[in-house]
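This is what each chain is made of:
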Amino acid sequence: MSIKKIKDMHRQIIGICMALLACSSLQSQAHLKAENGSFIRADGQVKLVLEDTRWEQEGTFIPDQSTVRVVGDALPADCAFASTTGITLYQIDLKKNTHNLQLETPLNITGKLNFFQGNLDLNGYLLDLGTTGFLIDETEIHRVLDQTGGGAIHVTSTINSPNQLNPGNIGLALSSSANWGVTTLIRRHDPYNLGGGNSILRSFEINPTNNSGLNATLRFDYFDAELNGVPESGFQLFHSTNNGLNWAVGGIATHNTTSNWVEVSGINTFSLWTTAPLSSFPLTWLGFTARWSQQSEQRVALLEWQTAHEQATDYFQIMRKEDQTGAIWQVVGETAAAGFSSGILSYDFVDAQIPQNPEPVTYQYRIRQVDLDGQFSFSQTVLLTTEAQYADQLSIWPNPANEVINIAGTITRGNEALSLSLIDSGGRKIRNTRFSGETQFVQEWSLAGLSEGLYQIVLETRNGLTSRRIQIHH
């Protein structure tokens, strides 16, 4: 007998054994159950058809390059993948006429998940596509969803100079001239509260190994079924660096309501991203700085911050605490907000009540912005040390500027420069230069091709941000 015939017989025997397992029933519900200690191997390209079947996997299943086809009309609880250790498959063909295929365990797919018909409900669990798995033909009516929340799709990819790259085919497109290295991408289906409203039922967390100076473009795809009652008009991309606690506008977005995508360019670092109308976000934080100043021969803390796109804002609370474990935030003052504004606004506050301490002390400052409806968001946190003395850190000329602008900085020792950025009125970062802890620098930037209007020059140092407003007039 030839080796080929032996292998064919081997596949047929395994297929028969698995079919027998699947045919055992309890109250018309079929089970494919592998007990702890059992071993099943699908040798080669075996096809296993699960019709209205619940797969309970406690033993070992080796998928090789087999395909599991899920068909039928069973309810989710009767058509599910269940295990205490997770299940690994090579390929799934989903062809359910009604109801969803439901996860009751983490699922790893090393090949394809084909959406012929029906949905895959994560049910709060992880779908891990690894480095080789991907989704095929996900659409409005055949897609991954998560009805309980808390689930996610994971992809790992080595990304170098991507051009419209969509790892795992999970619904985004990445472009950049930079090398990112090993990158993890996580797609979730939970809504986030942005302070003035909710996002859609989709977000992407993007974590490159090299996560600076990317100058990347992100195209964010979504389905109408994920809109979550959010009006589609005016979508922007928002990003968060603290797992959704605070959000900022990611830049001026291009939005296609027909093809269902939102795109932003000029992204230098990635984090957690989602989309919603600009009206869902109360304002855009453009910068916040703290520095020492003199007032009537008294040294005070001068706090300055800038905002854009304020929507129903009420007031700002200025908060301070010592930079040490167990310290409690204190409200040291309030100032009224604009309410509604589409432009850039500047605010300042003088903290003249800083406790006197003979030893050097570092303080944290933050701003709590409160809306008319009581919703609130926080600025970033900046540091101010009592032993530090700050001179005017930025010199900018000419202003108004035409084709070229010059920027010079002198920074006190211990407060070295980290980056210098040019930001437009929509909060988009146009130019960015990274430093390696310089205390002095001179930059000459070309303004060719930029529209006339107001811009911000933002200097990031170890103790916070300092910004200056400039006017470009050609």
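Everything below is about the structure printed above this text.
A quick note: this is a predicted structure, and the numbers were derived from the prediction, not measured.

Colleague: Quick question: what am I supposed to make of the layout of surface pockets here?
Modeller: By rolling a water-sized probe across the atoms, one finds the places where empty space is left. Reported here for the largest pocket is a volume of approximately 1,400 Å³. If you go around the largest pocket, you meet 47 residues; those closest to its centre are His239, Thr241, Ala248, Gln380 and Lys429. For the lining of the largest pocket, the leading source of residues is strand E28 (residues 284–295), giving five residues. Its residues assigned to classes, the lining of the largest pocket shows 15 nonpolar, 26 polar and six charged.

Colleague: Would you explain the nonpolar core in this entry?
Modeller: By size, the foremost hydrophobic cluster in this structure holds 57 residues, and its most contacted members are Trp55, Phe81, Leu127 and Phe270. For Trp55, the contacting residues outside a window of four places in its chain are Leu32, Leu48, Leu50, Phe61, Val68, Ala80, Phe81, Ala82, Ile87 and Leu89. The next biggest cluster of nonpolar side chains, apart from the first, holds 20 residues, and it includes Leu283, Ala290, Tyr365 and Ile367.

Colleague: Where do I start with the packing of aromatic side chains in this structure?
Modeller: For any two aromatic rings, the description comes down to two numbers: the centre-to-centre distance and the angle of the planes. Tallied over the entire structure, the rule returns 11 aromatic pairs. Between Trp305 and Tyr347, the aromatic rings sit 5.8 Å apart at their centres with planes inclined by 10°, giving stacked as the arrangement. Pair noted here: Trp305 is in strand E29 (residues 298–311) and Tyr347 is in strand E32 (residues 340–351), with a separation of 42 residues, a long-range link. Tyr347 shares its class with Trp305; the two are buried. By way of ring pairs, the aromatic residues Phe288, Trp305, Phe316 and Tyr347 are connected into one cluster. Seen from the ring of Phe116, Lys95 lies directly overhead, with NZ or CZ sitting 5.4 Å from the centre. Above the face of the Trp261 ring, Arg219 is positioned so that its terminal group lies 3.5 Å from the ring centre.

Colleague: Help me out: how do you make sense of the side chain of Glu205 in this one?
Modeller: Within the element layout of this structure, Glu205 appears in strand E21 (residues 203–208). Polar side-chain contacts of Glu205 include one of 2.9 Å to the side chain of Arg188. The contacts of Glu205, once residues within four sequence positions are left out, are Thr184, Leu185, Ile186, Arg188, Ser271 and Leu272.

Colleague: Please explain the sheet that holds strand E36 (residues 394–397) as it appears in this structure.
Modeller: The strands making up a sheet associate through backbone hydrogen bonding, with each pair oriented either parallel or antiparallel. Read across the open sheet, the three strands follow the order E36-E37-E40; overall the sheet is antiparallel. This sheet does not close on itself; its edge strands, each paired only once, are E36 and strand E40 (440–446). For this sheet, the mean angle separating the axes of adjacent strands, direction not counted, is 15°.

Colleague: Would you mind showing me how to read the pattern of salt bridges here?
Modeller: Opposite charge on two side chains lets them pair, provided their charged atoms get close. Taken as a whole, this structure holds nine salt bridges when the rule is applied. In this structure, the salt-bridge partner of Glu104 is Arg54, at a minimum N-O distance of 2.6 Å. Highlighted residues: Glu104 in strand E11 (residues 101–104) and Arg54 in strand E5 (residues 53–57), separated in sequence by 50 residues. Three or more residues are tied together by salt bridges with common partners; here these are Arg54, Glu56 and Glu104.

Colleague: Where do I start with unusual backbone geometry in this structure?
Modeller: Excluding glycine, most residues fall at negative phi; most peptide bonds, likewise, are trans. Geometrically, the link from Trp397 to Pro398 is a cis peptide bond, its omega value of -15° lying close to zero. For Pro398, the position within the fold is in the loop between E36 and strand E37 (404–410). Across the junction of Asn399 and Pro400, the peptide omega takes the value 10°, indicating a cis bond. Secondary-structure assignment places Pro400 in the loop between E36 and E37.

Procedures and definitions
Residues numbered from 1 in each chain as written. Predicted model: local features only at pLDDT ≥ 70, side-chain atom pairs only at ≥ 80, totals over all residues. Heavy atoms only, no water. 1 Å grid on protein atoms, 1.4 Å probe; cavity = no way out; pocket = protein on both sides within 12 Å on 5 of 7 lines; lining within 4 Å. Points joined across faces, edges and corners; volume = space filled by probe spheres on them. Helix = DSSP H or I, 4+ residues; strand = E, 2+ residues; numbered from the N terminus. Nonpolar A, V, L, I, M, F, W, Y, C, P; charged D, E, K, R; others polar. Core = buried A, V, L, I, M, F, W, Y, C linked by side-chain atoms within 4.5 Å. Buried < 20%, exposed > 50% of the residue type's maximum accessible area, 1.4 Å probe, protein only. Contact = heavy atoms within 4.5 Å. Phe/Tyr/Trp six-rings, centres within 6.5 Å; stacked < 30°, edge-to-face > 60°. Lys NZ or Arg CZ within 6 Å of the ring centre and 35° of its normal. Polar contact = N/O pair within 3.5 Å; in protein donor to acceptor, adjacent residues only side chain to side chain. Pairing = 2+ DSSP bridges. Axes fitted to C-alpha atoms, helices over the stretch in contact; angles between N-to-C directions. Salt bridge = Lys/Arg side-chain N within 4 Å of Asp/Glu carboxyl O.

In short, geometric facts, not functional conclusions.
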